[in-house]
Structures are given as C-alpha cells and as structure tokens.
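Commentary on secondary and tertiary structure
Residues per chain, in single letters:
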Amino acid sequence: MDTIADRLIVALDTDDLDQARRLVLTLRSRIRFFKVGIRLFTAAGPDAVRVVQDAGGEVFLDLKFLDIPASVAGAVANAVRMGVFMLNLHASGGREMLRKAREAAELAAQAGGLRLPRLIAVTLLTSATSSLLEELAIEEGVDAHVLRLARMAADAGLDGVVASPRDAQGIKSVCGRDFLVVSPGIRPRWAPSDDQQRVLPPREALAMGADFLVVGRPVTAAPDPLAAVERLMEDV
Ligand code: C5P
C-alpha cells in the first residue's frame, strides 16, 4: 500500500536556490517529490534539480514544453538525462509533438540506461475560461476540450495529465484507470486559498481519484513548513 508521501509533490516556487535548498532539506524526511517550475528553473537552471536529487529527493520538472516537435523532443531527452521522475508538456502542441516527445524520452532512457520519467500533459490551464476558447475560435466547451486533449495525450503514449481532481473520473473513464491525474489547487481546510479558484482539501482530492497532489504555499509559505506537511498528512 502506498502512503500520502508517495503522492505528495511540494512545489518549490521561489527564485532563490538557497531558499529552495533549505526547504528541501527541511522537508526531505517526510517529502520525496519536489516540483521545479519555470520560476526556479529560470533563476537557477539545472542546479535546482540537483539540489533536490543531492538530498535524495525526486523532481517533477514542470516546464510545460510547447514548441515544434524536434525542439520538444530535444528538451525531453535532456530532462531524461537529468534524471527527473516526471515532466510535462502542453497537449495543445498536438499529437505529433507528443509522440515525438515520448519517442525521445524512450531513446534517451535506453541510451543512457536511465529510467523513463512519467510524461504528463497539460490540457487547459486552470486559468483558462470559456472566453479563452472563444478567443481561439475553439467551439467546444472547456470540459469537452479538456477531455479531447487528455485522450490525445493518452493516444500519443503519455502517462497522464495535470487536472483538477473534479475531472479525474471523467478523464480516467476516457483514458484508462492507470492514466495519471496530477492535481494542483490543493488546500487543507486550515490554509488560505491564495489565488487558486476552486480548491480541494487533500483527502477529498485523493478520494476523487487524483494520483498525485501538488502543494505549494500551504507548505512553503507556512512559518514551519515541516509542521505544515505533518499536519497535512494527518488530515489525509
Ligand atoms: O501554492 P500552490 O499550492 O497554489 O501551488 C500550486 C502549484 O501548481 C504552482 O506551482 C502552480 O504553478 C502549479 N499549477 C497550478 N495550476 C495548474 C497548473 C500548475 O496551480 N493548473
């Protein structure tokens, strides 16, 4: 049986590598997975990944690749060589981009005797609304569009999507039970929702079918981040 520690990813959303290192060292006894996103990566580069790995942790590289297939394939291969356990790319890059990314990941893993990371697609950002779809002249609604992109990602051999736990059942019924749902917007009842619109407590999110929970500020902005992690784990 896995535990909440196998499903919890703490987002290192800072511009400061030293601060990220302190957080990792503080939390590492309880947290195995850390997310490095565009903010920390543009400030610190691959050192951000190494800070986590040197502490024995695993990295979800959240750089949301979207480019021509060859460029994305190259970036994915580099991420495989960095040894990350999970990375993501935009499903809206299309089937060909997703397929090439998957192929590049397999080749790089094979060539280096490395593990194949989980490839996760971003469907629609949670900041997107129906008016964005209108702007893009996309006629279907948000839910249908999310499902279309999720199915395309699954067809292209990706391992899962970033999505709200509220969409987990719908996505799994279309893409298969093992298709991963990685969910941000997680807030224990005792934490402020910050700028997240539709939050869920961790226990509810897991009950709705989320496979991984991404939690940032409830932990990283807490006066005592380790105590916050422990409290969150107790809630679950
Ligand atoms: O601090 P908080 O828990 O809101 O952090 C959530 C993390 O998940 C942030 O790194 C944010 O960029 C990311 N994320 C999100 N919503 C998405 C995709 C990613 O909040 N739809």
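Summary of the structure given here. (Residues numbered from 1 in each chain as written. Predicted model: local features only at pLDDT ≥ 70, side-chain atom pairs only at ≥ 80, totals over all residues. Heavy atoms only, no water.)

1. Side note on the site of the ligand
Around the ligand, a shell composed of Ala-11, Asp-13, Lys-35, Thr-126, Pro-184, Arg-187, Gln-196, Val-214, Val-215, Gly-216, Arg-217 and Pro-218 is seen. Residue Lys-35 places a side-chain N or O atom 2.8 Å away from an oxygen atom belonging to the ligand. A distance of 2.8 Å separates a nitrogen atom of the ligand from a polar atom in the side chain of Thr-126. Within the complex, the protein chains bury 82% of what would otherwise be the 460 Å² of accessible surface of the ligand. When residues of the shell around the ligand are traced back to their parent elements, those giving at least two are strand 8 (212-215) and helix 10 (217-220). When grouped by side-chain class, the residues that make up the shell around the ligand number 5 nonpolar, 3 polar and 4 charged. (Near = heavy atom within 4 Å. Polar contact = N/O pair within 3.5 Å; in protein donor to acceptor, adjacent residues only side chain to side chain. Areas by Shrake-Rupley, 256 points an atom, 1.4 Å probe, with all protein chains shown as cover. Helix = DSSP H or I, 4+ residues; strand = E, 2+ residues; numbered from the N terminus. Nonpolar A, V, L, I, M, F, W, Y, C, P; charged D, E, K, R; others polar.)

2. Description of the pattern of salt bridges
Throughout the structure, instances matching the rule amount to 21 salt bridges. Ionic pairing is found between Lys-100 and Glu-96, a salt bridge with its closest N-O pair at 2.8 Å. Taken together, the positions of Lys-100 and Glu-96, both in helix 5 (residues 95-112) and 4 residues apart, correspond to about one turn of that helix. Residue classification places Lys-100 among the partly exposed residues on the basis of a relative accessible area of 29%. Judged by relative accessible area, which is 38%, Glu-96 ranks as partly exposed. Of the charged contacts, one joins Arg-148 and Glu-140 as a salt bridge, the two residues approaching to 2.6 Å between their closest N and O atoms. Take Glu-140: its relative accessible area is 22%, and that puts it in the partly exposed class. (Salt bridge = Lys/Arg side-chain N within 4 Å of Asp/Glu carboxyl O. Buried < 20%, exposed > 50% of the residue type's maximum accessible area, 1.4 Å probe, protein only.)

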